[in-house]
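# Descriptive analysis of the structure
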Amino acid sequence: MLQLPRHALHKKLVGRANPMRIQLEITRRCNLDCVHCIQGGCSYVAGEMTAADYERLLPRMSAAGVFSVSLTGGEFLCHPEIMVILELLLRSDFWLALQTNGTLLDQDTVDFLARSREKIRAVAVSLYGATAKAHESVTRSPGSFEKTIRAIDMLSEAGFRVEVISLLMTMNQEEAPQIQELCRERGLFHQFNSIIAPRKDGETSSLECRLSEELLKKLPRPWETFTENFIPHEPDDFSPDKTLDAWCTMARTSGYIDSKGNLLPCSIMDLPAGNVKDRPFDELWHDSAVFNALRKLKIGEFECSRCGHFPTCRPCPGLAFLEHGNMFEAPKEICRIIELFLGDKEVKKA
Amino acid sequence: MGEVVFKKSGSLIERRIEGEAILLDIKSGVYYDLKNVGVFIWEILSGGASARQIAAAVAENFDVDAETALADTLELLNDLETEGLIVRNAEG
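Read on for a plain summary of the structure. (Residues numbered from 1 in each chain as written. Chains lettered and ligands numbered in written order. Predicted model: local features only at pLDDT ≥ 70, side-chain atom pairs only at ≥ 80, totals over all residues. Heavy atoms only, no water.)

## So, the interface of chain B and chain A
Often, the extent of an interface is quoted as the loss of accessible area on bringing the components together. Contacts between chain B and chain A engage 23 residues on the former and 19 residues on the latter. Between chain B and chain A the total buried area reaches about 1,900 Å² when both faces are included, carbon and sulfur atoms providing 63% of it. In this structure, the connection of chain B to chain A is made through three salt bridges. Between Arg16(A) and Glu18(B) there is a salt bridge whose closest N-O contact spans 3.1 Å. Applying the counting criterion to the chain B and chain A interface returns five residue pairs in polar contact (both at pLDDT 80 or more). Sorting elements by how many residues they give to the side of chain B that touches chain A places strand 4 (residues 30–34) of chain B first, with five residues. The class makeup of the residues in the side of chain B that touches chain A is eleven nonpolar, three polar and nine charged. (Contact = heavy atoms within 4.5 Å. Buried area = accessible area lost by both parts, 1.4 Å probe. Salt bridge = Lys/Arg side-chain N within 4 Å of Asp/Glu carboxyl O. Polar contact = N/O pair within 3.5 Å; in protein donor to acceptor, adjacent residues only side chain to side chain. Helix = DSSP H or I, 4+ residues; strand = E, 2+ residues; numbered from the N terminus. Nonpolar A, V, L, I, M, F, W, Y, C, P; charged D, E, K, R; others polar.)

## Observations regarding the packing of aromatic side chains
Applying the stated criterion across every chain yields a total of eight aromatic pairs over all chains. Relative to Phe328(A), the ring of Phe302(A) lies with its centre 4.8 Å away and its plane at 45 degrees, an arrangement referred to as tilted. In this pair, Phe302(A) is assigned in the loop between helix 10 (289–296) and helix 11 (317–324) and Phe328(A) in the loop between helix 11 and helix 12 (332–342), connecting sequence segments 26 residues apart. By relative accessible area, Phe302(A) is classed as buried at 1%. A relative accessible area of 28% means that Phe328(A) is categorised as partly exposed. Between Phe40(B) and Phe62(B), the ring centres sit 5.1 Å apart and the planes meet at 80 degrees, which makes this aromatic pair edge-to-face. In this pair, Phe40(B) is assigned in helix 1 (residues 37–45) and Phe62(B) in the loop between helix 2 (51–61) and helix 3 (66–82), connecting sequence segments 22 residues apart. Phe40(B) sits in the partly exposed class, given a relative accessible area of 23%. By relative accessible area, which is 30% here, Phe62(B) ends up partly exposed. (Phe/Tyr/Trp six-rings, centres within 6.5 Å; stacked < 30°, edge-to-face > 60°. Buried < 20%, exposed > 50% of the residue type's maximum accessible area, 1.4 Å probe, protein only.)

Right under this line is the structure:
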């Protein structure tokens with residue numbers, strides 16, 4: 001049999017700690033000013049990766065076995081050399097996904113991307129409302145709604161799979177049905193979540209936008225609190241003595257390279273293996289003491305593994321790291337949301 | 001009528017991982033893997049080749065007679081073609 005089911009592939013690659021999916025934070029710059037932004041003010045960061053840096057990096061990622069690359073930011077289109085970087089990526093043999101607010105996409109850029117459409121798996125666009133008032137109450141950028149909708153329509157017209165991602169907060173939660181309707185009318189894939197994480201710099205004012213239990217209950221079950229669909233698994237994969245293979249892919253098959261070139265386990269776990277400008281990607285990936293330590297962690301070391309909702313709920317350890325500075329704790333915001341949908345947790349007895 | 005030449009499909013991303021060839025068909029999102037003789041044949045397909053040429057190379061490089069090599073090659077080519085991983089074109 002030639003086909004390799006996802007489960008078999010994951011087992012094969014995770015066992016070898018083979019990088020499969022890498023997110024590239026192309027830049028931290030952004031043209032919007034979203035209230036919830038985890039980056040904590042998106043502006044230029046000294047030492048940003050250049051097109052020349054990516055020209056050196058991409059062949060090393062390919063040789064290391066990476067199949068998929070996601071571009072994120074900030075807003076990746078704000079990088080001053082973005083068209084050169086896109087050329088390099090589209091010339092390389094990666095399956096790409098783009099995450100954008102859409103406001104900087106013009107017809108020329110969409111046409112440019114469409115010439116390599118087969119290589120672009122999906123374009124995820126952030127949308128916070130079905131009206132300018134709601135959307136811009138989040139982006140704090142007048143005119144952004146119209147530009148984002150225009151980008152969604154241009155991308156759809158060009159044949160891309162457009163995934164609309166909506167974060168629902170106090171100021172836009174009433175728009176959920178209208179956003180769903182907008183997506184349904186256009187035949188777009190849509191998902192929402194309601195997890196507001198603290199900013200990476202520790203600033204917490206955005207947490208005031210979190211939805212109350214009363215408001216959360218009015219919404220459908222949010223997708224991000226349930227990870228069971230992300231990684232194929234078997235029941236035995238969640239024994240306390242097992243490593244996190246079926247729970248979390250960080251530093252196993254997935255990783256994150258920030259705008260300065262630091263190779264991180266994931267987008268929110270600030271534990272760099274090193275910098276890809278100083279050392280080749282594949283060497284960092286395989287030799288990093290931090291990554292190798294993460295690969296040895298056992299499920300039983302995590303508070304979540306003793307919860308009655310585990311492994312139906314197996315939330316991102318990175319969220320706990322961000323919220324409590326400790327990845328082994330249960331991320332309390334996820335617990336709050338999960339309990340609304342699955343009921344009070346029963347702690348398993350040892 | 002020329003011999004049928006098989007070539008790799010243009011919609012694949014392939015990686016070598018510890019001697020195996022892992023292929024991702026970006027049209028379907030489905031992964032495939034090839035091992036041993038399969039990897040050897042896949043390498044030959046990079047430049048395009050007929051079943052007869054591939055089978056001859058297999059017989060020369062592996063401990064197998066020509067008849068078995070041809071049967072195994074045809075079976076793999078059939079699988080690869082069914083999955084859309086290779087395409088055929090006739091050459092004179």
